[in-house]
Amino acid sequence: MAAMARSGLVKLLCSSTLLLCCFLLPGALAEERFYEFVVQEALVKRLCKSQKIITVNGQFPGPTIEVYNGDTVAIKAVNMAQYNVTLHWHGLRQLRNGWADGPEFVTQCPIRPGGSYTYRFTIQDQEGTLWWHAHSSWLRATVHGALIIHPRRGLPYPFPKPHKEFPVILAEWWRRDPIAVLRQSMITGAPPNVSDALLINGQPGDLLPCSSQETSIIPVVAGETSLLRIINAAMNIELFVSLAGHRMTVVAADAMYTKPFDTTVVLLGPGQTTDVLVTAHAAPGRYYLAARAYASAQGVPFDNTTATAIFQYKNAGPGCPTTSGRSSSRSSSGQLGRAGPRPMLPFLPAFNDTNTATAFSNSLRSPHPVRVPGPVTQEVFTTVGFGLFNCRPGPFCQGPNNTRFGASMNNVSFQLPNTVSLLQAHYHHIPGVFTDDFPAFPPVLFDFTSRNVPRPLWQPVKGTKLYRVRYGAVVQIVFQDTGIFAAEEHPMHIHGYHFYVLATGFGNYDPRRDEAKFNLVDPPSRNTIGVPVGGWAVVRFVADNPGVWLVHCHIDAHLTGGLAMALLVEDGGNELEATVPPPLDLPVCVL
């Protein structure tokens, strides 16, 4: 009897231990990961010209960070460049930890040349493709890289596991120092010069001069499925992406899984990411992956080049399909080399194909029904668009019709402080840095999307205005594009939050008419939403992350012009609902 009792006790203990392990295993397998990012100058050659750029660890694009959900990460940023710098981990929620978010003078003062700062954060219930980039001046043109979050160890993707995964980072390239391009614009008041080329993984591709030997290669095996993690790191351009001879299955956007759907074209605004599965089922050969602009603003210059990478089958035999129909050359290893006839080009939409852009965006859905937060307790209706500041004709007044270029939200052109960050001012109760009176509604009502907006409405007011949000509030924001100067699609990014996109549309938003269009069943969750050209977007989220969080257009020319504001989310009622204290090595502002 005693032996039986002992046996039963052992079984009970084993079962209890096994059950306990099931609960603790994901957390127990989490790791602490440390990186050192040295921001430094490097010499590179693009478009036949060697020039110095700012990089991380001498790499362009910068290092890929690969972590697992639940990991704790520390990244020591050492600034060995001649410019101030901060780093932003785009799409990470940074719960209660705005000190690690990174936008200059919003959550921290910049890291001065010769200085350092360690960004510390934990990945909390997020997985998928994000990215990191500089959030100071225009350094992110070359200071950026992929941030890949895998599911907790031992847990699968919600789709068949791909054989391989590849980051595909889209960017822009200037033949000049991007900081010089920005400075020229800020001095003259004119919009900044457009880039000279688009890039895929740091290279323009075969269609641009002096570039064919360095074209990015994506090696695949016939019959296998690859996961392409596409990131739009471009400064100022929304991009169409297509792959010749293959269909893509979208499975995630902005590190949130989606209901899978097939497409031949992907649209990404600056800041957005999209994960697609591609099965190598075509005839073995080489196929272009290509990217070019979606330019929604009429009459506004843009980079009209096409970047290419090569989707290349391994060990492909002779007679591979190309645009010429001839066999591709082969390297001594038996794999396709870079030499030989040009690969097949994909179909890409026209630069102004808003119908295709809209159809893609409307196809995104959450994979399962979601519980949309409600009822709404705080609502913001904000215009987003351009503005022009009057000035005296001369070298500092070279915008359209003797003006200086600007941008605004609800007629406020956002101005950053320069003595202390907004989060520091809020946390330490420092007066005079900002006001919390950002208007929740446009100060003047007009036909927002008209092409003939009266000129007195073109000039915004400069200010550092925040919008105060109660902790736990259900916040709904309506972003309304305007026709001032030119209507354009604006990729709006909210730091510290993911949000449900309830609806988008064209024309002026009318709640009595448009609330009927809300998707309250399976809306997609995103961190950056493209507000349609001459249209609107409605997003909703719960304010469960205290701190100061920047809301801005991710087209940097627009952000520089003032198309931004910030949410001041108050602390909740207990310690776990309050911003954590600032780290000891937080950079100090120095005038």
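Each residue is numbered by its place in its chain's sequence as written, counting from 1. In view of the model being predicted, local features appear only for residues whose pLDDT reaches at least 70, and side-chain atom pairs are presented and counted only at 80 or more, with totals across whole chains, interfaces and linings using the full set of residues. Think of the side-chain values as coming from all heavy atoms in the structure, minus any hydrogens and water.

With that out of the way, let us pick up the pairing of strand E30 (residues 535–542). Counting buried residues along E30, seven of its eight residues qualify, which places the element largely inside the surrounding structure. Relative to E30, strand E25 (residues 474–481) is paired through seven bridges, and the arrangement is antiparallel. Opposite Ile477, over in E30, you have Val539 as the bridge partner. The criterion for strand pairing is that DSSP finds at least two bridges linking the strands in question. Every helix listed is a DSSP run of H or I at least four residues long, and every strand listed is a run of E at least two residues long, numbered separately from the N terminus. Relative to E30, strand E27 (residues 499–506) is paired through six bridges, and the arrangement is antiparallel. The residue of E30 that forms the bridge with Thr504 is Ala537. Here's how the labels work: a residue is buried when its accessible area is under 20% of the maximum for its type, exposed when over 50%, partly exposed in between, all with a 1.4 Å probe on protein chains only.

Of note, Thr354 is situated in helix H3 (residues 354–362). Residues Thr354 and Pro532, 178 residues apart in the sequence, show an inter-C-alpha distance of 8.6 Å. Residues count as neighbours in contact if any of their non-hydrogen atoms are within 4.5 Å of one another. If we ignore the near neighbours within four places in the chain, the residues touching Thr354 are Tyr294, Phe506 and Val533. In this structure the side chain of Thr354 is engaged in a polar contact, spanning 2.8 Å, whose partner is the side chain of Tyr294. Between N or O atoms, a polar contact is any pair within 3.5 Å; within protein, one atom must be a potential hydrogen donor and the other a potential acceptor, and residues adjacent in sequence are included only when both atoms are from side chains.

UniProt positions are given in the numbering used here, feature names are shortened, and annotations may be inferred rather than shown by experiment. Here, the residues flagged by UniProt with the feature "domain: Plastocyanin-like" (unreviewed entry) are residues 39–153, 165–316 and 438–571. Helix makes up 0% of residues 39–153 and strand 46%, whereas the separation of the span's terminal C-alpha atoms amounts to 31 Å. Between the end C-alpha atoms of residues 438–571 the distance is 19 Å, and the span holds 7% helix and 41% strand.

What follows concerns the pattern of salt bridges. Salt bridges are identified by distance alone: a Lys or Arg side-chain nitrogen within 4 Å of an Asp or Glu carboxyl oxygen. Scanning the entire structure with this criterion turns up 20 salt bridges. Residues Arg120 and Asp585 are paired through a salt bridge, measuring 3.7 Å at the closest nitrogen-oxygen approach. Highlighted residues: Arg120 in strand E6 (residues 116–122) and Asp585 in the segment after strand E32 (564–569), separated in sequence by 465 residues. For Asp585, a relative accessible area of 27% gives the class partly exposed. Close ionic contact of Asp556 with Arg140 constitutes a salt bridge, the shortest N to O distance being 3.0 Å. Of the two residues, Asp556 is situated in helix H6 (residues 556–561) and Arg140 in the loop between strand E7 (128–134) and strand E8 (144–150); the sequence distance between them amounts to 416 residues. With a relative accessible area of 6%, Asp556 lands in the buried category. On the accessibility criterion, Arg140 (2% relative accessible area) is buried.

With that settled, the discussion passes to the nonpolar core. In summary, soluble globular proteins display a tendency toward joint burial of nonpolar side chains. With 85 residues, the main nonpolar core has Trp89, Phe479, Met492 and Ile494 as its most contacted residues. Tallying contributions element by element places E32 first for this core, with six residues. What Trp89 contacts, discounting residues up to four positions off in sequence, is Phe37, Ile65, Ile75, Gln94, Ala100, Asp101, Tyr119, Phe121, Trp131, Trp132 and Leu147. Side-chain atoms within 4.5 Å are what join buried Ala, Val, Leu, Ile, Met, Phe, Trp, Tyr and Cys residues into a set we call a nonpolar core. Formed by 43 residues, the second largest nonpolar core is a distinct cluster that contains Ile200, Phe240, Ala291 and Val533.

What follows deals with helix H2 (residues 178–188). The set of residues buried in H2 consists of Pro178, Ile179, Val181, Leu182, Ser185 and Thr188. The N-capping residue of H2, defined by a side-chain oxygen 3.0 Å from the backbone nitrogen of Ile179, is Asp177. Following H2 by one or two positions, Gly189 has its phi on the positive side, about 85°.

Okay, the state of the cysteines next. Sulfur atoms of two cysteines make up a disulfide when they are within 2.5 Å. In this structure the tally under the stated criterion is three disulfides. The residue that forms a disulfide with Cys109 is Cys589, at a sulfur-sulfur distance of 1.6 Å. Looking along the S-S bond of the Cys109-Cys589 disulfide, the torsion reads about -95°, which is the left-handed sense. Here Cys589 lies in the segment after E32 and Cys109 lies in the loop between strand E5 (87–90) and E6, a separation of 480 residues in the sequence. Residues Cys109 and Cys589 agree in their burial class; the two are buried. Each bonded cysteine of the protein gets a number by its place in the sequence, and the pairs then read 1-3, 2-6, 4-5.

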